[in-house]
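# Working through the structure, step by step
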Amino acid sequence: MFTISLCMIVKDEEQVLARCLESAKPIADEIIVVDTGSTDGTRQIARRYADKTADFSWRDDFAAARNYAFSLATKEYCMWLDADDVLLPQDAAQLLALKQSPGPHPDVFMLPYHTAFDETGRPVFTYYRERLLRNHMGFLWEGAVHEAIAPRGWVEYLPIAVTHRKEKPAEPGRNLRILEKLIEQGQRLDPRLQFYYARELYDHGQYRKAQEEFCSFLHSGQGWVENNIEACRQLGACRLALGDTPGALGALFFSFTYDEPRAEVCCDVGNLFFEQAQYGRAAYWYRAALRAPRRDDTGAFVQEDCHGYLPCLQLCVCYYQLGDLRRSRRMNERAARYKDSEACRYNRRFFASLAQSTAAAAPQ
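I will try to describe carefully the structure that is included in this document. Once a new chain begins, its residue numbering starts again from 1 and follows that chain's sequence as written. This being a predicted model, a pLDDT of at least 70 is required before a residue's local features are given, and a value of 80 or more before pairs of side-chain atoms are given or counted; all residues contribute to the totals for chains, interfaces and linings. Excluding hydrogens and water, the side-chain values take into account all heavy atoms of the structure.

## With respect to the nonpolar core
The definition of a nonpolar core used throughout is a set of buried Ala, Val, Leu, Ile, Met, Phe, Trp, Tyr and Cys residues joined through side-chain atoms within 4.5 Å. Between buried and exposed lies partly exposed: a residue is buried under 20% and exposed over 50% of the maximum accessible area for its type, with that area taken using a 1.4 Å probe on protein chains only. Ranked by internal contacts, the top residues of the largest apolar core, which has 80 residues, are Leu-6, Met-79 and Leu-132. Residues contacting Leu-6, with those up to four places away along its chain left out, are Leu-21, Ala-24, Ala-28, Glu-30, Ile-31, Ile-32, Met-79, Trp-80 and Leu-81. Core analysis: the second largest hydrophobic core is formed by 33 residues, Cys-266, Phe-274, Ala-289 and Ala-335 among them. By the convention used here, residues are in contact when the closest approach between their heavy atoms is within 4.5 Å.

Below, the structure is given as structure tokens:
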């Protein structure tokens, strides 16, 4: 059995903080909430739940704020959540059972983080994060934004998820502003921050500058494998936005130098050929996506739909365009086994009407 200090940093989160703390209360032996400058009712809500509350003078550095929150922890493990995270009942129950299990226990628990969902609430974007870390082992957050702790020691991956339920947009341009402020101050971004800087540039439509940063990041040879693969995908998207289709394809293929092809990359390549109406080539890459192994335990950004639903649905269209109606219908039903979406139901109706019109036109 072990104990947990839940350590949070918050600002103006009165809309979601109680929801988060209610969900985490059953598993936390100590709740610590550090406020970084709220002007709403966040502090009052925190005091209702927290064993410790504190203020931290904000200085555009998320790692510094999280490290301060961790420094107040007294239990065996530090756990972090954002205010718009929740532990769903089944995940809280599994985490409680884990706490009560006999040791020994690892130094770091890596848990999946569900951050995007389809219309049914099914997670479609997931990646593992360092969620519980043994206290007093010198674990420190790094990074003014997109902060992280490098796992070390005995690390264990478990399927107990944290669910991100954002209710309001983040402060517009905040991360890009912080990173550009660091650059203006003469600070050289480490490879991880350079990767996220390039992503922020892309998200703000600065495709040419983002392309330069992604290329610099990749050429440095210092990036983490998963960030390298994602950088290739993002570089491909930059080049597409700039009208350079061959360059986009080259960026995607370059990702294969880092590891075996990922389903997400195969879908990107398939989509590129699909948009050019090269359905045979597109089908090849969608089939490759179906064969690609899912690599959650590497910390990869996993897009759930790329591992079954999306390539099957796209193969349905490709085979129809190639004149293979039987395989087209079969792939639609296979896609529906992953997710019986409105697109699958539409295709089913389309095939039914097509069969009826063909039967009506048949000779008597």
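## Describing helix H6 (residues 191-203)
For H6, with 13 residues, the first-to-last C-alpha span of 18 Å sits near the 18 Å given by 1.5 Å per residue. Secondary structure elements are defined from DSSP: runs of H or I of at least 4 residues count as helices, runs of E of at least 2 residues count as strands, and each element is numbered from the N terminus. Along H6, the residues that are buried comprise Leu-193, Gln-194, Phe-195, Tyr-196, Tyr-197, Ala-198, Glu-200 and Leu-201. Elements that come into contact with the buried residues of H6 comprise helix H5 (174-184), helix H7 (207-220) and helix H8 (225-241). Just past H6, the residue Gly-205 takes up positive phi, approximately 75°. To estimate the expected span of a helix, count its residues, drop one, and scale the result by 1.5 Å.

## What about the environment of Lys-168?
Looking at where Lys-168 falls in the secondary structure, it is placed in the loop between strand S9 (162-164) and H5. We classify Lys-168 as partly exposed; its relative accessible area is 35%. Counting along the chain gives 119 residues from Lys-168 to Arg-287, while the straight-line C-alpha distance between them is 38 Å. Aside from chain neighbours lying at most four places away, what touches Lys-168 is Lys-11, Asp-12 and Glu-13. At a separation of 2.5 Å, a polar atom in the side chain of Lys-168 contacts the main-chain carbonyl oxygen of Asp-12. Any pair of nitrogen or oxygen atoms within 3.5 Å is treated as a polar contact; in protein, a donor-acceptor pairing is required on top of that, and neighbouring residues in sequence qualify only through side-chain atoms on both sides.

## Let's talk about the packing of helix H9 (residues 245-254) against helix H10 (residues 263-275)
As a rule, the C-alpha atoms of each element are fitted with a line to give its axis, helices using only the stretch in contact, and angles between N-to-C directions run from 0 to 180 degrees. Between H9 and H10, the shortest axis-to-axis distance is 10 Å and the interhelical angle comes to 160°. Our classification of the angle between H9 and H10 gives roughly antiparallel. Both H9 and H10 take part in a crossing whose hand is left-handed. The segment H9 lies against H10, with Thr-245, Ala-248, Leu-249, Leu-252 and Phe-253 engaging Val-265, Asp-268, Val-269, Leu-272 and Phe-273. The nonpolar class holds Ala, Val, Leu, Ile, Met, Phe, Trp, Tyr, Cys and Pro. Asp, Glu, Lys and Arg form the charged class, and all remaining residues, Gly among them, are polar. Looking at the contact of H9 with H10 residue by residue, the class counts come to eight nonpolar, one polar and one charged. In these notes the angle categories are as follows: under 35 degrees is roughly parallel, over 145 is roughly antiparallel, 65 to 115 is roughly perpendicular, and the rest is oblique. Note on convention: near helix rotated counterclockwise from far helix by under a right angle means a left-handed crossing. Clockwise means right-handed.

## Quick word on the packing of aromatic side chains
When the centres of two rings from Phe, Tyr and Trp lie within 6.5 Å, Trp using its six-membered ring, the rings pair. Their planes under 30 degrees apart give stacked, over 60 give edge-to-face, and anything left gives tilted. A complete count under the given rule lists 25 aromatic pairs for this structure. Note on Phe-195 and Phe-214: the rings are 6.4 Å apart at their centroids and 65° apart in plane angle, and the pair reads as edge-to-face. Of the two residues, Phe-195 sits in helix H6 while Phe-214 sits in helix H7, which places them 19 residues apart along the sequence. Phe-214 gets classed as buried once you look at its relative accessible area, which sits at 0%. Ring centres of Phe-253 and Phe-256 lie 5.8 Å apart, and the angle between their planes is 40°; this geometry places the pair in the tilted category. Given the relative accessible area of 32%, Phe-253 is considered partly exposed. One aromatic cluster in this structure is built from Phe-70, Trp-80, Tyr-113, Phe-125, Tyr-127, Trp-141 and Phe-301. A ring is scored as having a charge over it whenever the NZ atom of a lysine or the CZ atom of an arginine sits within 6 Å of its centre and within 35 degrees of its normal. Lying across the ring of Phe-117, Arg-165 places its NZ or CZ 4.2 Å from the centre. In this structure, Arg-199 is placed above the aromatic ring of Phe-301, and the distance from its NZ or CZ to the ring centre is 5.3 Å.

## Looking at the layout of surface pockets
Taken as a whole, the second largest pocket holds about 200 Å³ of empty space. Only protein atoms enter the 1 Å grid, on which a cavity is a set of points fitting a 1.4 Å probe that cannot get out and a pocket is an open set with protein on both sides within 12 Å along at least 5 of 7 lines, lining residues being those with an atom within 4 Å of a point. Around the second largest pocket sit Ile-183, Gln-187, Arg-188, Leu-189, Pro-191, Gln-194, Tyr-197, Glu-213, Ser-216, Ser-220 and Gln-222, which together line it. Going through the elements one at a time, H6 and H7 are the ones with two or more residues in the lining of the second largest pocket. In the lining of the second largest pocket, the residues fall into four nonpolar, five polar and two charged. Grid points are joined across faces, edges and corners, and a volume is the space filled by probe spheres set on the points.

## Focus: the side chain of Gln-194
Residue position: Gln-194 is located in helix H6. Among the residues examined, Gln-194 registers a relative accessible area of 12% and is labelled buried.

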